[in-house]
Amino acid sequence: MNHFIYHNPVKVYFGKDQLCHLGEELSKYGKRVLLTYGGGSIKKIGLYDKVVNEIKKSGLELYELSGIQPNPRIDSVRKGAQICKDMKIDVLLAVGGGSVLDATKYMAAGACVDFDPWDFFSKCAPIEKALPVITIPTLAATGSEMNDGGVISNPETKEKIGRSSPRLFPKVSFLDPTNTFTVNSYHTACGSVDIMSHIIEVYFTPEPDLYMLDTVMEGLMRTVIKYAPIALKEPDNYEARANLMWTSSWAINGFIDGGKQHEWSCHSMEHELSAIYDITHGLGLAILTPRWLEYCLDENTVGKYYQFGTNVFGIDPKIEPMTVARKSIDMLSEFFFDTLGLESTFSKIGIQEEDFSFMAKRACGGKIIKGFKPLGQKDIEEIFKMCL
Ligand code: NZQ
Ligand code: ZN
């Protein structure tokens, strides 16, 4: 295995009734709070009132920015950064799904620079400072609450670009599974696929594995496979929602990477789909991931699939490895498309072949994605065709 540094500074309050600590945590950073949220789900679920009450009780000044959309737009980031500057905001409080959290991280960074925040993405402008961010995630999926990344879309250029910086780790995150009871079936399914994909993209890499981390990843994947269907049937099942929520954070907070250096394969491909077609991230991943696994399977890689099939899906280890490998891909597809009920092909969601070449070129940036198998533009086009 490779050597590595692990440092995750996010303080987590997990469970019900932890919001009483919100005022004390916000107050550590100042008085002026910018509350950010999406299209209104936090009002419907009563969380908005609770948050505002805590803020007011603590004598803090409240400012608001709402309307952050799924696949969050750079315009929201620009607006938020400007409010931070104009109102001399001390701390941002992001309440919502990953889109709200991601946009807020870049508002916090944008507040500290004189240039357009899109430069963080288009020109890789340095992120040297950011205002503090506290998060209250309401959907189990992206892990943004416990990592330093964010993905922002620019509809003018039809780009969706992810970037990370240690300055963007939230200071504190409040993870209350009850806040996810109202997430509908579709977004519960997409979120569950996203969690699975974050793990699969690390599990299936050519880098040396650490047994301990492989077993953790297998346990995390089994957790999603066990609890996502329960959350779909019983949306207010606390145990199911709690397991999904904590798994989503640990799937992408750096822990499972160990010293593995890897590039994102399915994620790079998916971001092009949501950039152009504005689809839900997890849906794109559901369609791509089994095809990508199929594309990467050969005599050299089969061992990892065998491990996956036997340890995650419980396939009989006595069966010949290539058969286990194929069966594991089938079982993953069944989980995404039958159990979670997501659409299974590009044609069903309107993604057209005429865009493949353009999207494939951008997905790999005209180079090679160094993932489980190196992927160039032609490989990606092939995978897209398998998704039709
Ligand atoms: O906007 P509102 O009204 O809040 O509704 C949202 C939105 O329509 C709704 N929702 C959220 N919590 C709810 C709820 N509805 C009812 N009850 C609740 N408790 O769900 C819809 C989707 O929300 P969104 O934030 O877009 O979903 P998600 O958390 O899956 O975030 C997806 C975004 O995160 C990026 C994706 O690319 C995508 O843009 N990612 C971020 C990552 C990161 N920061 O590390 C990594 C991921 O791989 C991913 O790329
Ligand atoms: Zn993802």
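Per an unreviewed UniProt entry, the chain goes by NADH-dependent butanol dehydrogenase B and derives from Defluviitoga tunisiensis.

A.B. asks: Would you mind going over the domain arrangement of the chain with me for this structure?
C.D. replies: Note on interface size: it is often stated as the accessible area lost on association of the parts. Under the domain assignment, the chain is made up of domain 1 (11–179) and domain 2 (184–386). Residue-level contacts link 20 residues of domain 1 with 24 residues of domain 2. Only β6 (149–154) and β7 (159–164) provide two or more residues apiece to the side of domain 1 that touches domain 2. Looking at which element gives the most residues to the side of domain 1 that touches domain 2, the answer is β7, with 3 residues. Classifying every residue of the side of domain 1 that touches domain 2 by side-chain character gives 9 nonpolar, 7 polar and 4 charged.

A.B. asks: Would you mind showing me how to read the environment of Asp 116 here?
C.D. replies: With respect to the element layout, Asp 116 can be found in the loop between α5 (98–110) and α6 (119–122). Placed 230 residues apart in sequence, Asp 116 and Phe 346 show a C-alpha to C-alpha distance of 34 Å.

A.B. asks: What should I look at first to understand the site of ligand 1 in this one?
C.D. replies: Around ligand 1 there are 34 residues in total, and Gly 38, Gly 39, Pro 70, Gly 97 and Gly 98 lie nearest to it. Those elements that place two or more of their residues in the shell around ligand 1 are α5, β6 and α7 (185–203). With 4 residues, the top contributor of residues to the shell around ligand 1 is α5. For the shell around ligand 1, the class distribution of residues is 8 nonpolar, 24 polar and 2 charged. Residue contributions to the shell around ligand 1 reach at least three from each of two domains, namely domain 1 (11–179) and domain 2 (184–386).

A.B. asks: Looking at this structure, how should I read the UniProt feature "domain: Alcohol dehydrogenase iron-type/glycerol dehydrogenase GldA" (unreviewed entry) in the chain?
C.D. replies: What UniProt calls "domain: Alcohol dehydrogenase iron-type/glycerol dehydrogenase GldA" (unreviewed entry) maps, in this numbering, to residues 9–177. Segment residues 9–177 splits into 30% helix and 24% strand. End C-alpha atoms: 21 Å apart.

A.B. asks: Explain the nonpolar core here, please?
C.D. replies: Soluble globular proteins tend to pack their nonpolar side chains together in the buried interior. The biggest cluster of nonpolar side chains holds 112 residues, and the ones touching the most others in it are Leu 92, Leu 93, Val 95, Met 107, Leu 131, Val 193 and Ile 199. In terms of residues, this core owes the most to one element, α7, which gives 9 residues. The residues that make up this core include at least three from each of domain 1 (11–179) and domain 2 (184–386).

A.B. asks: Sorry, what's going on with the pairing of strand β5 (residues 133–137) here?
C.D. replies: For a regular strand, side chains alternate in direction, first toward one face of the sheet and then toward the other. For β5, the buried fraction is high: 5 of the 5 residues fall into the buried class. The alternating pattern of β5 places Val 133, Thr 135 and Pro 137 and Ile 134 and Ile 136 on opposite faces, both of which are buried. Bridge count between strand β4 (residues 91–96) and β5: 5 bridges; the pairing is parallel. Residue pairing for β5: Gly 96 is matched across the bridge by Pro 137.

A.B. asks: Can you walk me through the UniProt feature "domain: Fe-containing alcohol dehydrogenase-like C-terminal" (unreviewed entry) in the chain in this structure?
C.D. replies: The UniProt entry lists residues 188–386 under the feature "domain: Fe-containing alcohol dehydrogenase-like C-terminal" (unreviewed entry), expressed in the numbering used here. The span residues 188–386 carries 65% helix and 2% strand; its end-to-end C-alpha distance comes to 25 Å.

A.B. asks: Just to check I follow, could you spell out unusual backbone geometry for this structure?
C.D. replies: Outside of glycine, negative phi angles account for most residues, and trans bonds account for most peptide bonds. Its identity as a non-glycine residue notwithstanding, Asp 17 has a phi of 55°, on the positive side. Note that Asp 17 resides in the loop between β1 (11–14) and α1 (22–27). Residue classification places Asp 17 among the exposed positions, given that 9 C-beta atoms sit within 10 Å. Backbone geometry at Asp 278 places phi at a positive 55°, although glycine is not the residue there.

A.B. asks: Is there a simple way to think about the pairing of β4 in this case?
C.D. replies: Among the 6 residues of β4, 6 are classified as buried, and the element is accordingly described as predominantly covered. Bridge count between strand β2 (residues 32–36) and β4: 4 bridges; the pairing is parallel. Paired with Val 33 across the strands is Val 91, a residue of β4.

A.B. asks: Help me out: how do you make sense of helix α9 (residues 238–251) in this one?
C.D. replies: Count 3.6 residues to each turn of an α-helix, and residues three or four apart come out pointing the same way. End to end, α9 covers 20 Å across 14 residues, agreeing with the expected 20 Å (1.5 Å per residue, within 8%). Counting buried residues along α9, 11 of its 14 residues qualify, which places the element largely inside the surrounding structure. Looking at α9, one finds that the buried residues are Ala 240, Arg 241, Ala 242, Asn 243, Leu 244, Met 245, Thr 247, Ser 248, Ser 249, Trp 250 and Ala 251. Buried residues belonging to α9 abut β8 (172–175), α7 and α8 (211–233).

A.B. asks: Hey, could you run me through helix α12 (residues 302–312) in this one?
C.D. replies: Along α12, the positions that sit buried rather than exposed are Lys 304, Tyr 305, Tyr 306, Gln 307, Phe 308, Gly 309 and Val 312. In this structure, the buried residues of α12 make contact with α7, α8 and α13 (321–339). The first or second residue beyond α12 is Gly 314, which carries a positive phi of 65°.

A.B. asks: How do you make sense of the environment of Ala 286 when you look at a structure like this?
C.D. replies: Of note, Ala 286 is situated in helix α11 (residues 281–296). Of the residues examined, Ala 286 has 28 C-beta atoms within 10 Å and is grouped as buried. Distance in space between the C-alpha atoms of Ala 286 and Val 113 is 37 Å, their sequence separation being 173 residues. Beyond its immediate chain neighbours, meaning those up to four positions away, Ala 286 contacts Val 193, Phe 336 and Leu 342.

A.B. asks: Help me understand the packing of α7 against α9 in this model?
C.D. replies: The angle between the axes and the distance between the axes are what describe a pair of packed helices. Their axes nearest at 9 Å, the elements α7 and α9 cross at an angle of 35°. Between α7 and α9 lies a crossing of left-handed hand. Between α7, through Gly 191, Ser 192, Ile 195, His 198 and Ile 199, and α9, the contact on the second element is made entirely by Leu 244, Thr 247, Ser 248 and Ala 251. Among the residues forming the contact of α7 with α9, the class breakdown is 4 nonpolar, 5 polar and no charged.

Rules used in this analysis
Residues numbered from 1 in each chain as written. Chains lettered and ligands numbered in written order. Predicted model: local features only at pLDDT ≥ 70, side-chain atom pairs only at ≥ 80, totals over all residues. Domains from an automatic or database assignment. Contact = placed C-beta atoms within 7 Å. Helix = DSSP H or I, 4+ residues; strand = E, 2+ residues; numbered from the N terminus. Nonpolar A, V, L, I, M, F, W, Y, C, P; charged D, E, K, R; others polar. Near = placed C-beta within 6 Å. UniProt positions renumbered as here; feature names shortened; annotations may be inferred. Core = buried A, V, L, I, M, F, W, Y, C linked by C-beta atoms within 7 Å. Buried ≥ 20, exposed ≤ 12 C-beta atoms within 10 Å, placed from the backbone. Pairing = 2+ DSSP bridges. Expected span 1.5 Å × (residues − 1). Axes fitted to C-alpha atoms, helices over the stretch in contact; angles between N-to-C directions. Left-handed = near helix turned anticlockwise from the far one by under 90°.

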